[in-house]
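# Commentary on secondary and tertiary structure
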Amino acid sequence: MSISVSFQKEHKTQPSMIVVLAYEGDEGVSLQPVSGLEASLVSLAKRALEANVQFKGRLGDFISVVTPEGSVAARLGVLGLGKAEALSALRAEEAGGKFYAALSSLGVAGVSLYVGDKLPQPDLTLDMLAASLANGAVLRGYKFERYKAPPKEMLPELKTLEVVCTHPANAKKAYEKLSCVSQGVFQARDLVNMPPNDLYPDAYAKIIKDTLKPLGVEVEIFDEKKLQKMGAGAMLAVGQGSDRPARMVVMRWNGANKKSKDAPLAFVGKGVTFDTGGISLKPGANMDEMKMDMGGSAAVVGLFKALALRKARVDVVGVVGLVENMPSSKAYRPGDIIKAYNGKTIEVLNTDAEGRLILADALHYAKQYNPELVIDLATLTGAAARITDYYGIAMCADKTDTTALKESGERVYERLMEFPMWREFHDAIKSNVADIKNIGGAAGGNITAATFLHHFTDYPWIHLDIAGPSFMTADVDYRLKGGTGVGVRLLYDFIKHTYA
Ligand code: BES
Ligand code: MN
Ligand code: ZN
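What counts, and where the lines are drawn
Residues numbered from 1 in each chain as written. Chains lettered and ligands numbered in written order. Predicted model: local features only at pLDDT ≥ 70, side-chain atom pairs only at ≥ 80, totals over all residues. Heavy atoms only, no water. Donors = N, O, S within 2.8 Å, 3.2 Å for Na, K, Ca; no water. Helix = DSSP H or I, 4+ residues; strand = E, 2+ residues; numbered from the N terminus. Buried < 20%, exposed > 50% of the residue type's maximum accessible area, 1.4 Å probe, protein only. Near = heavy atom within 4 Å. Polar contact = N/O pair within 3.5 Å; in protein donor to acceptor, adjacent residues only side chain to side chain. Areas by Shrake-Rupley, 256 points an atom, 1.4 Å probe, with all protein chains shown as cover. Nonpolar A, V, L, I, M, F, W, Y, C, P; charged D, E, K, R; others polar. Tetrahedral: all angles 85-135°; square planar, octahedral: opposite > 155°, others 65-115°. Pairing = 2+ DSSP bridges. Domains from an automatic or database assignment. Contact = heavy atoms within 4.5 Å. Buried area = accessible area lost by both parts, 1.4 Å probe. Salt bridge = Lys/Arg side-chain N within 4 Å of Asp/Glu carboxyl O. Axes fitted to C-alpha atoms, helices over the stretch in contact; angles between N-to-C directions. Arc of directions from axis to C-beta. Right-handed = clockwise from strand over helix to strand, strands pointing away.

Turning our eyes to something else, we now look at the coordination of the manganese ion (ligand 2). Distances from the manganese ion (ligand 2) to its protein donors, D275 (OD), D352 (O), D352 (OD) and E354 (OE), fall within 2.1 to 2.2 Å. Mapping the donors of the manganese ion (ligand 2) onto the primary sequence yields the spacing D-x76-D-x1-E. A separation of 3.1 Å is found between the manganese ion (ligand 2) and the zinc ion (ligand 3), both of which receive a donor from D275. You can see D275 sitting in strand β10 (residues 265-275) and its partner E354 sitting in the loop between β13 (345-347) and α9 (355-366), a full 79 residues away along the chain. A residue is classified by how much of its surface remains accessible, and D275, at 2% relative accessible area, is buried.

The next point concerns the site of ligand 1. K282, D293, D352, E354 and G382 are the nearest of the 18 residues found near ligand 1. The separation between an oxygen atom of ligand 1 and a polar side-chain atom of K270 is 3.2 Å. Coverage of ligand 1 by the protein amounts to 78% of the 520 Å² it exposes when considered alone. Only β10 and α10 (382-385) provide two or more residues apiece to the shell around ligand 1. Classifying every residue of the shell around ligand 1 gives seven nonpolar, four polar and seven charged.

A separate point is the coordination of the zinc ion (ligand 3). Only K270 (NZ), D275 (OD), D293 (OD) and E354 (OE) from the protein reach the zinc ion (ligand 3) as donors, at distances of 2.0 to 2.4 Å. Between the six donor atoms coordinating the zinc ion (ligand 3), the angles at the centre fall across 78 to 176 degrees, so the site counts as octahedral. Spacing between the donor residues of the zinc ion (ligand 3) along the chain follows K-x4-D-x17-D-x60-E.

With that settled, consider the pairing of strand β9 (residues 247-254). For β9, the buried fraction is high: seven of the eight residues fall into the buried class. For strand β8 (residues 218-222) and β9, the ladder comprises five bridges, and the chain directions are antiparallel. Among the inter-strand pairings, E220 is bridged to a residue of β9, identified as V250. Note: β9 against strand β11 (residues 315-325), eight bridges, orientation antiparallel. From the neighbouring strand, R247 faces β11, where its bridge partner is L322.

Attention now moves to the sheet that holds β13. Across the sheet, three strands lie side by side as β12-β13-β17; this open sheet has mixed pairing. The sheet is open, and its two borders are formed by β12 (337-339) and β17 (436-437), each paired with just one other strand. Strand direction decides the pairing type here: β13 and β17, joined by two bridges, are parallel. Bridge assignment links I346 to a residue of β17, and that residue is I436.

With that settled, the discussion passes to the domain arrangement of the chain. In terms of domain boundaries, the chain breaks down into domain 1 (4-164) and domain 2 (181-498). For domain 1 versus domain 2, the separation of C-alpha centres amounts to 38 Å. Facing 13 residues of domain 1, the contacting portion of domain 2 comprises 17 residues. The contact between domain 1 and domain 2 buries some 1,500 Å² in all, and 57% of this surface belongs to carbon and sulfur atoms. It is L90, L139 and Y142 in domain 1 that bury the most area against domain 2; as a group they hold 41% of the surface buried on that side. With a closest N to O distance of 2.7 Å, R489 and E93 form a salt bridge.

With that out of the way, let us pick up the sheet that holds β11. Spatially, β8-β9-β11-β10-β14-β18-β15-β16 is the arrangement adopted by the eight strands of the open sheet, whose pairing is mixed. Looking at the sheet topology across the chains shown, the edges are occupied by β8 and β16 (416-419). Strand-to-strand twist of the sheet, defined as the mean angle between neighbouring strand axes without regard to direction, takes the value 20 degrees. Inspection of the sheet shows strand β15 (residues 393-397) paired to strand β18 (residues 461-465) by four bridges, in the antiparallel sense. Residue pairing in the sheet places C396 in a bridge with H463 of β18. Against the sheet, helix α14 (residues 488-498) engages β10, β14 (373-378), β15, β16 and β18, with an angle of about 170 degrees to β14.

Summed over the entire model, instances satisfying the criterion amount to 23 salt bridges. One salt bridge in this structure joins D202 and K206, with 2.8 Å as the shortest N-O distance. Residue D202 and its partner K206 are both found in helix α5 (residues 201-212); the two are separated by four residues, about one turn of the helix. What makes K206 partly exposed here is its relative accessible area of 46%. Taking the shortest distance from any N to any O, the salt bridge between K270 and D293 comes out at 3.1 Å. Separated by 23 residues along the polypeptide, K270 in strand β10 and D293 in the loop between β10 and α8 (295-309) bring together distant segments of the chain. On the accessibility criterion, D293 (1% relative accessible area) is buried.

Listed as buried for helix α11 (residues 403-412) are L405, S408, G409 and V412. The buried residues of α11 occupy one face: seen down the axis, they fall within an arc of 105 degrees. On its buried side, α11 packs onto α2 (89-106), β14, β15, β16, β18 and α14. Phi for Y413, located one or two positions after α11, is positive at around 60 degrees.

This part covers the pairing of β10. Sheet faces and side chains relate simply in a regular strand, where the side chains alternate between the two faces. Of all 11 residues in β10, 11 are buried, a share of seventy percent or more. Following the chain from β10 across α8 to the adjacent parallel β11, one finds a crossover that is right-handed. Note that β10 and β14 share five bridges and pair parallel. Bridge pairing in β14 places G269 opposite L377.

Next comes the structure, spelled out in structure tokens:
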């Protein structure tokens, strides 16, 4: 169940808890001043701080006490925001996320969060602080429970979050903008979390259409016949081992309303609904996790949802290649030579290096829009997955400026690590019998994959390997395991700052 968020000048409902904010400082903890709060609660908050010496006001630190009889709320809480001068929208979201986690372990159903009236620092408005705290809580409150009977015994969940602030209408406006992006993140997480028996190429294509068309996105689905006619031989080869045929889905959001077919931006996503490895079969342990191998495409779909909900004034194209990589008597084999959509021939040496084959055709399809920039997202390599657990995205870009995208990564905590595409990596995918082969040497697997893609991208292009952060097998900090929706916030922020 999702949380209902509202913004008020004073608390309206009877909350089970009232929460005030506090900062960490050199001279100890300081409470954020709140003019609208009863004096008795303010002094109770001070007493709570005196009694809880372990509470230092660090970001996300939380304490709560029971209030005396007759008080408006049964509990009073104090949420730490860290050092006032270090506070940012991102850090406020993090505090909101940790706040949600703390409330879930207490079983609080309704809370009034008092933002107070002192600006923590000049770069962050109180409206933005209010909106970001709420957005962080909502992002953390995501659940994927549609396949599960509700548990019989469980603590109440947070249902209503009332944010009490000085300019509720402005805070609400700021929140609604953030919320559109969060809806996109949830869309991507849902897709990644869906089981591969229900999310296969055709079903996935229909979900994309059903979700995005009502929002004004043009959605076109190419079936295998159409792909055959086009000559998308690389994608088709990967899909041919499965009884569930491949699909390519093209999305268009024309928010800038230019009449031409050109689009400044294109996003391409890998959508392997399940990756067994094919004939080059993967080992059995944890193979279930390969339901997440469509995380790149999920990010593209989530991004389009966010852009459409926000009615963003930008023209954007999205292309996703959807296939299931299965071993069967119809499957493509190591040794096969296939012909990609752009005419290049590829010697397949490992059928588990399938993502780059799908992307080859999807990337070439994007060319017709004369894009200023193409960004692809893919859970492409084990090498990228092993790089970091901290939401790090492995990036390669050939002669394309990545500064703005890196800045977005810092702002939304989807940080980018850039790898060089040295000549030696290009040499590594030369084939004896075809134009290129689909694997290189053992070193720098994420870079070899990128150099492979380079053969299909004769335009400005940035490659994002999200194999690491797309799906988490354990909670990290306050972030939840499962599909993360990584990429949506990154690209939305990038578009907002660079193109909109
Ligand atoms: N989908 C995998 C990459 C992956 C691994 C994603 C772990 C998430 C977590 C991809 O299709 C793959 O199998 N890559 C191989 C390529 C190799 C055979 C050249 C890899 O990186 O091991
Ligand atoms: Mn694979
Ligand atoms: Zn894969």
